[in-house]
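A structural walkthrough
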Amino acid sequence: MTLKGKSPIGIFDSGYGGLTILSEIRKLMPEYDYLYLGDNARAPYGSRSFEVVYRFTLQAVEHLFSRGCRLVILACNTASAKALRTIQQNDLPKLDPSRRVLGVIRPTVEKLGELTHTGEIGILGTMGTIQSGSYTMEIEKMYPGYHVYGQACPMWVPLVEYKEADSDGADYFVEKYINELFLQSKGIDTVILGCTHYPLLYPKIAKYMPDSVTVIKQGPIIAESLKDYLHRHPEIETACSKHGQCHYLTTESSGKFSPMASIFLDEPVEAEQITLT
Ligand code: DGL
C-alpha cells in the first residue's frame, strides 16, 4: 500500500522509537494518513554530532516532503534537539515556506507547569539530547526559575533495540541512571522521558523511580499537541489527507524493520526500504 497522491502527516525518527509516538497519535487521530520514516540504517543518532544529525534529519524531511507530506513531526528527541531549529529557520523558507516541521521538545516542556510543585525537573535522554542543552534552554525560556537536571542514559536505547527491556540485566542500568539523576538533586519532582525508546522501559523505570515523582511519557502529549496544532492551523489541516492509512519507510532492509516495528506497535507492519541522500 502506498499513499501516492495523498498528503500524509510525516513522522520521522532515527529508527523504531518514534513508533511509540506514532501509535499515540494514531490512537487520538485515526482518521489521518501517516507516513513513518525510520532511518534505521544510520541509527542510533544519540551519540552523533550536531552536523551529522542535522544533515541526516534534513534528508529525511526532504524525502517526506517529496512524498507529499505538508507537515512533518520529528518524533526523535535527538533530531528535535539538534536539527529542528536550523531546519525551521534556514531550510524551510527555501524548501517550501508553506510546509511545517515540528519537534517534540516544546510540547513536552509546555506540560511542566501543571505538573511540578518544586520547579525541579529531571530530563532523561540520549547523550546528544542532554549535551545539546535544548530541554534546559526551552524550560528556562518558558519557566524562568525552574531548575533542570539532565541525565544521559546511553545504555537504555540498546537495551530496547536488543529486546532486553524486560530482562533482569536491564534493572542494573535503569537503577543506575535514575540514582545518578537524583544524586544531582533530591528536590526533583517531575521527570521527562526525553527519548522515544524509554516508554518501552517504563515498567523498570517505574520500579526505581521514587513514588512521589511524576514521570512524563511523551506519546500522549505529542498526540494532544498535534491535535491542537491542526485545530489552530486549518490551512495545514485541510491539506492533510484522511483515509486512516499508515505507510512505513525505513533505510534498513524491510525484513529487519518489519518484525521489530511489529513489537513496538503490537500489530503487523510491512515497510518499504528507501535510501536517503
Ligand atoms: N530516537 C532517539 C531519541 O528520541 C533515540 C534513538 C537514537 O539514539 O537514535 O532521542
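Bear in mind that the values here come from a model prediction, so they are computed numbers and not experimental data. The numbers attached to residues start from 1 for each chain and follow its sequence in the written order. Given that this is a predicted model, residues contribute local features only at a pLDDT of at least 70 and side-chain atom pairs are listed and counted only at 80 or more, while totals for whole chains, interfaces and linings are drawn from all residues. Derived side-chain values reflect all non-hydrogen atoms in the structure, with water molecules and hydrogen atoms excluded from consideration.

1. Some thoughts on the overall build of the protein
For the record, the criterion: Put simply, DSSP marks the helices as runs of H or I at least four residues long and the strands as runs of E at least two long, and each gets a number from the N terminus on. Computation of the radius of gyration draws on C-alpha atoms, with the globule rule given as 2.2 Å multiplied by the number of residues to the power 0.38. A contact between two residues is defined here by any heavy atoms of the two lying within 4.5 Å. In these tables, accessible area is a Shrake-Rupley quantity obtained with a 1.4 Å probe, and a residue counts as shielded only by the protein chains included in the view.
The number of helices and strands found in the protein is 13 helices and 10 strands. Here the C-alpha radius of gyration of the protein, 18 Å, is about what a compact globule of 277 residues would show, namely 19 Å. Structurally, the protein occupies a C-alpha span of about 55 × 40 × 35 Å along its principal axes. Considering only residue pairs separated by 6 or more positions, the protein has 78% of its internal contacts joining residues 24 or more positions apart. Carbon and sulfur atoms make up 52% of the accessible area of the protein, which amounts to about 12000 Å² in all.

2. Considerations on the pairing of strand β2 (residues 34–38)
Stated formally: Exposure classes here rest on a 1.4 Å probe applied to the protein chains alone. A residue is buried below 20% of its type maximum, exposed above 50%, and partly exposed in between. Any two strands with at least two DSSP bridges between them are considered paired. Crossover handedness is defined by viewing with both strands directed away from the observer: a clockwise path from the first strand over the helix to the second marks the crossover as right-handed.
Most of β2 is tucked away: 5 of the 5 residues are buried. Both faces of β2 are covered, namely the face carrying Tyr-34, Tyr-36 and Gly-38 and the face carrying Leu-35 and Leu-37. Across 5 bridges, the pairing between strand β1 (residues 9–13) and β2 is parallel. Paired with Ile-11 across the two strands is Tyr-36, which belongs to β2. Remark: the β1/helix α1 (residues 19–28)/β2 crossover connection has right-handed handedness. Both β2 and strand β9 (residues 246–250) contribute to a ladder of 5 bridges, which runs parallel.

3. A word on the site of the ligand
What counts here: Neighbouring residues are identified by heavy atoms, a residue being near a molecule or strand if any of them is within 4 Å of it. Think of a polar contact as two N or O atoms within 3.5 Å of one another; within protein, one of them needs to be a possible hydrogen donor and the other a possible acceptor, and neighboring residues in sequence only count if both atoms come from side chains. Throughout, the protein atoms alone are placed on a 1 Å grid, and a set of points is a cavity if a 1.4 Å probe fits but cannot get out or a pocket if it is open with protein on both sides within 12 Å along at least five of seven lines; lining residues have an atom within 4 Å of a point. In this description, a molecule resides in a pocket or cavity if more than half of its atoms sit within 2 Å of the grid points defining it.
Within the structure, the ligand sits among 13 residues, and Asp-13, Ser-14, Tyr-45, Gly-46 and Thr-78 are positioned closest to it. Within the backbone of Gly-46, a nitrogen or oxygen atom sits 2.8 Å from an oxygen atom of the ligand. Within the contact set of the ligand, a nitrogen atom lies 2.9 Å away from a side-chain nitrogen or oxygen of Thr-196. For the ligand, the accessible surface in isolation is 290 Å², of which the surrounding protein chains cover 98%. More than half of the atoms of the ligand fall within 2 Å of the grid points belonging to the second largest pocket.

4. Examining the nonpolar core
When a protein is soluble and globular, its nonpolar side chains tend to lie buried together. Put simply, the rule reads: Each nonpolar core is a collection of buried residues, namely Ala, Val, Leu, Ile, Met, Phe, Trp, Tyr and Cys, held together in the definition by side-chain atoms within 4.5 Å.
Leu-19, Trp-156 and Tyr-248 are the most contacted members of the largest nonpolar core, which totals 56 residues. It is helix α9 (residues 168–184) that contributes the most residues to this core, 6 residues altogether. Among the nonpolar cores identified, the runner-up in size contains 25 residues, and Leu-37, Leu-58, Cys-69 and Val-101 belong to it.

5. Observations regarding the layout of surface pockets
Any empty space left between the atoms is revealed when a probe the size of a water molecule rolls over them. Where we set the bar: Grid points are joined across faces, edges and corners, and a volume is the space filled by probe spheres set on the points. As a working rule, the residues Ala, Val, Leu, Ile, Met, Phe, Trp, Tyr, Cys and Pro are called nonpolar, Asp, Glu, Lys and Arg charged, and the rest polar, with Gly in that last group.
The calculated volume of the largest pocket comes to roughly 650 Å³. Around the largest pocket, the lining comprises 30 residues; the ones closest to its centre are Leu-84, Gln-88, Gly-103, Arg-106 and Pro-107. Among the secondary structure elements, those contributing two or more residues to the lining of the largest pocket are α3 (77–82), α4 (84–95), α5 (105–110), α7 (134–142) and α11 (218–232). A per-class count over the lining of the largest pocket returns 13 nonpolar, 8 polar and 9 charged.

6. Notes on the state of the cysteines
This is how the line gets drawn: Cysteine sulfur pairs qualify as disulfides if the two atoms are within 2.5 Å.
This structure, assessed with the given rule, holds 0 disulfides. Left unpaired, Cys-153 is separated from the closest cysteine sulfur, that of Cys-195, by 8.4 Å. Lacking any disulfide linkage, Cys-195 is separated from the closest cysteine sulfur, that of Cys-76, by 7.4 Å. Look at Cys-195 and you get buried, because its relative accessible area is 5%.

7. Here we look at the packing of helix α2 (residues 50–66) against α4
This is how it is decided: Axis lines are fitted to C-alpha atoms, over the contacting stretch for helices. Their N-to-C directions set the angle, which ranges from 0 to 180 degrees. For this classification, under 35 degrees means roughly parallel, over 145 means roughly antiparallel, 65 to 115 means roughly perpendicular, and everything else is oblique. Each crossing is labelled by how the near helix is turned from the far one, with a counterclockwise turn of less than a right angle marking it left-handed and a clockwise turn marking it right-handed.
Where α2 contacts α4, the two axes come as close as 12 Å, and the packing angle between them is 40°. By the angle class used here, α2 and α4 are oblique. Between α2 and α4 lies a crossing of right-handed hand. For the pair formed by α2 and α4, the contact residues are Tyr-54, Thr-57, Leu-58, Val-61, Glu-62 and Phe-65 on the first element and Thr-86, Ile-87, Asp-91, Leu-92 and Leu-95 on the second.

8. Some points on the side chain of Thr-108
Checked against the element boundaries, Thr-108 lands in helix α5. Since its relative accessible area comes to 0%, Thr-108 is described here as buried. Not counting residues up to four positions away in its chain, the partners in contact with Thr-108 are Tyr-135, Ile-192, Ile-216, Gln-218, Ile-221 and Ile-222.

9. Some thoughts on the UniProt feature "binding site: substrate" (unreviewed entry) in the protein
Applied cut-off: UniProt positions are given in the numbering used here, feature names are shortened, and annotations may be inferred rather than shown by experiment.
Look at the UniProt record and you will see "binding site: substrate" (unreviewed entry) annotated at Asp-13, Ser-14, Tyr-45, Gly-46, Asn-77, Thr-78, Thr-196 and His-197. Across 185 residues, the annotated set stays spatially compact, with a maximum C-alpha separation of 12.4 Å. Lining the second largest pocket, from the residues just named, are Asp-13, Ser-14, Tyr-45, Gly-46, Asn-77, Thr-78, Thr-196 and His-197. Its location among the elements puts Tyr-45 in the loop between β2 and α2. Aside from chain neighbours lying at most four places away, what touches Tyr-45 is Phe-12, Ser-14, Asp-39, Val-53, Phe-56, Thr-57 and Thr-78. Relative to the helices and strands, Asn-77 resides in helix α3. Here Asn-77 falls in the buried class, since its relative accessible area comes to 2%. Residues within four places of Asn-77 in sequence aside, it is in contact with Val-104, Ile-105, Thr-129, Tyr-135, Gly-194, Cys-195, Thr-196 and Gln-218.

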